[in-house]
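# Structural overview for review
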Amino acid sequence: MINVLYAGNDKVFDGMLTSALSILKRTTTKKAFNFYIFTMDVSHIKPEYLPVSDEQCAFFENIIKEYNPNNTATKIDVTELYMKEFSNCPNEQAYCSPYTLIRLFADMVDCIPDKLLYLDADVMFNRDITLLYDHDIENYEYAAAPDHYGKYLIHPHYINAGVLLLNMKMIKNTKLLQKARELIKQKQLVFADQSAIIRSTTKKLVLQQKFNDQKFLHKTTVVRHFSKRLFWLPYPHTANIKQWQVDSVHNVFKYHQFDDILDEYISLKRKFEQESNQHKGETL
């Protein structure tokens, strides 16, 4: 089994779908995939902070089973954990959203396996996932690639936590995530969860940049992370273009390597919306 974790609200559905499709279309392994989805309802903070819906999860699972009937999708509601651990904490208004914090509950959920690949929803696989997943991390808490900007501005081995290959057995022994949660509760951190993970790390394996390319797409790139990036032209500015913003992927990045994936995503998204509208019509 290959175990993958996503986390977020219902707005990450496009990211989950495109990311999972990229994994399934670029991977030749016969192994089945377990996709875990951490989500929660914190609409008391903002009305749009709603969990991934059962309808979204069911549609997602139906799609991944078309690639292998043994593939599974498991939605895990961590609302109670969040309210107990992080409600009103200094990092609740984090640089992204409270949903960036919930991967820190991975050691508190019983069904989570010993080896787990956490992925931000805005990542796409350009090559086979086993190139990343098959790294030996028995003697490390996790493996991660450098942060593209942090490796210049902070430290050469300052990692980006958007792609984390986790050794959950060792993490439970060293209490990495427990220590990270305590930091989150104590004081506001610049990059919240990422800062807490880095400060709590005992031993990590630093991977090559190709396992989390946050700025470029090369032939050797395994994971392209569509995070916020700096553009110098026509003037210095940042942009946060995601892979499901297909026109921008084509027009700004000039990428067409993912067209087979994005074409299927567009078709599936249309199908999901039609089914959803039909279901709403039947319930009126």
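This text follows the structure it describes.
A short tour of the structure in this document, coming up. As a convention, each chain's residues are numbered from 1 in the sequence order in which they are written. Restriction of local features to residues with pLDDT of at least 70 applies here, the model being predicted, together with a cutoff of 80 or more for giving and counting side-chain atom pairs; totals for whole chains, interfaces and linings are based on all residues. Think of the side-chain values as coming from all heavy atoms in the structure, minus any hydrogens and water.

## Description of the packing of aromatic side chains
- Within 6.5 Å between ring centres, the rings of Phe, Tyr and Trp (the latter by its six-membered ring) count as paired, and their orientation is classed by plane angle as stacked under 30 degrees, edge-to-face over 60, tilted in between. The full count for this structure, using the stated rule, is 13 aromatic pairs.
- Between Tyr 6 and Phe 35, the aromatic rings sit 6.2 Å apart at their centres with planes inclined by 0°, giving stacked as the arrangement. You can see Tyr 6 sitting in strand S1 (residues 2-7) and its partner Phe 35 sitting in strand S2 (residues 33-39), a full 29 residues away along the chain. Accessibility assignment for this pair places Tyr 6 and Phe 35 in one class, buried.
- Where Phe 59 meets Phe 272, the ring centres are 5.1 Å apart and the plane angle is 65°; that geometry is what we call edge-to-face. One end of the pair, Phe 59, is in helix H2 (residues 54-67); the other, Phe 272, is in helix H10 (residues 259-283), with 213 residues separating them in the sequence.
- Judged by relative accessible area, which is 9%, Phe 272 ranks as buried.
- Connected via pairs of aromatic rings, a cluster forms that spans Tyr 6, Phe 33, Phe 35 and Phe 60.
- Above the ring of Phe 253, the side-chain terminus of Arg 224 is found at 5.1 Å from the ring centroid. Note on conventions: DSSP H or I runs of at least 4 residues are helices, E runs of at least 2 residues are strands, and numbering of each starts at the N terminus. Type-normalised accessible area, obtained with a 1.4 Å probe on protein chains alone, sets the label of each residue: buried when under 20%, exposed when over 50%, and partly exposed for intermediate values. Our definition puts a charge over a ring when NZ of Lys or CZ of Arg is within 6 Å of the ring centre and also within 35 degrees of the ring normal.

## Concerning helix H7 (residues 176-186)
- When we look at burial in H7, the residues that qualify are Leu 176, Leu 177, Ala 180, Arg 181, Leu 183 and Ile 184. One side of H7 carries all its buried residues, which in axial view fall inside an arc of 160°. Read the arc as the range of directions from the helix axis to the C-beta atoms.

## Topic: the pattern of salt bridges
- In the sections that follow, a salt bridge refers to a side-chain nitrogen of Lys or Arg positioned within 4 Å of a carboxyl oxygen of Asp or Glu. Counted under the stated rule, the structure contains 11 salt bridges.
- We note a salt bridge from Lys 269 to Asp 14, for which the minimum N-O separation is 2.7 Å. Taken together, the positions of Lys 269 in helix H10 and Asp 14 in helix H1 (residues 13-26) put the pair 255 residues apart, joining distant regions of the chain. Each member of the pair, Lys 269 as well as Asp 14, carries the same accessibility label: buried.
- In this structure, Arg 26 and Asp 260 form a salt bridge, with 2.9 Å as the shortest nitrogen-oxygen distance. Here Arg 26, found in helix H1, pairs with Asp 260, found in helix H10; they are 234 residues apart in sequence, far enough to count as distant.
- One salt-bridge network, held together by shared partners, links Asp 14, Lys 269 and Glu 273.

## Concerning empty space enclosed by the protein
- Put plainly, a pocket is an open set of points on a 1 Å grid over the protein atoms alone with protein on both sides within 12 Å along at least five of seven lines, a cavity is a set where a 1.4 Å probe fits but cannot get out, and a lining residue has an atom within 4 Å of a point. Grid points are joined across faces, edges and corners, and a volume is the space filled by probe spheres set on the points. For the structure on display, the rule yields 1 cavity of 30 Å³ or more.
- Roughly 50 Å³ of volume is contained in the largest cavity.
- Taken together, Leu 5, Arg 103, Tyr 118, Leu 164, Leu 166, Leu 177 and Ile 197 make up the full set of residues lining the largest cavity.
- Residues that form the lining of the largest cavity fall into these classes: 6 nonpolar, no polar and 1 charged. Classification used: nonpolar for Ala, Val, Leu, Ile, Met, Phe, Trp, Tyr, Cys and Pro, charged for Asp, Glu, Lys and Arg, polar for all others including Gly.

## A closer look at the sheet that holds strand S8 (residues 204-206)
- Paired strands, as defined in this entry, are two strands with at least two bridges between them according to DSSP. Taken together, the 7 strands give an open sheet; going across it, the order is S3-S2-S1-S4-S7-S6-S8, and neighbouring strands pair in mixed fashion. Every other strand in the sheet has two partners, leaving strand S3 (72-77) and S8 as the edge strands with one partner each. Direction aside, the axes of adjacent strands within the sheet are offset by 20° on average.
- Pairing geometry for strand S6 (residues 142-144) and strand S7 (residues 163-167), over 2 bridges, is antiparallel. Bridge pairing in S7 links Ala 143 to Leu 165.
- Working rule for contacts: check all heavy atoms of both residues, and any pair within 4.5 Å makes them a contact. Fitting a line to C-alpha atoms yields each axis, with helices limited to the stretch in contact; the angle taken between N-to-C directions then spans 0 to 180 degrees. Across the sheet, H2 is in contact with S1, S2 and S3; its angle to S3 comes to roughly 160°.

## A word on the nonpolar core
- Each nonpolar core is a collection of buried residues, namely Ala, Val, Leu, Ile, Met, Phe, Trp, Tyr and Cys, held together in the definition by side-chain atoms within 4.5 Å. Tyr 6, Phe 35, Phe 60, Leu 117, Leu 119 and Phe 125 are the most contacted members of the largest nonpolar core, which has 54 residues in total.
- If one sorts the elements of this core by residue count, H1 sits on top with 7 residues.
- Dropping the residues within four chain positions of it, Leu 119 is found in contact with Val 4, Leu 5, Tyr 6, Ser 19, Ile 23, Phe 125, Gly 162 and Val 163.
- Ranked by size, the runner-up nonpolar core spans 39 residues in total, among them Ala 7, Phe 86, Cys 89 and Leu 183.

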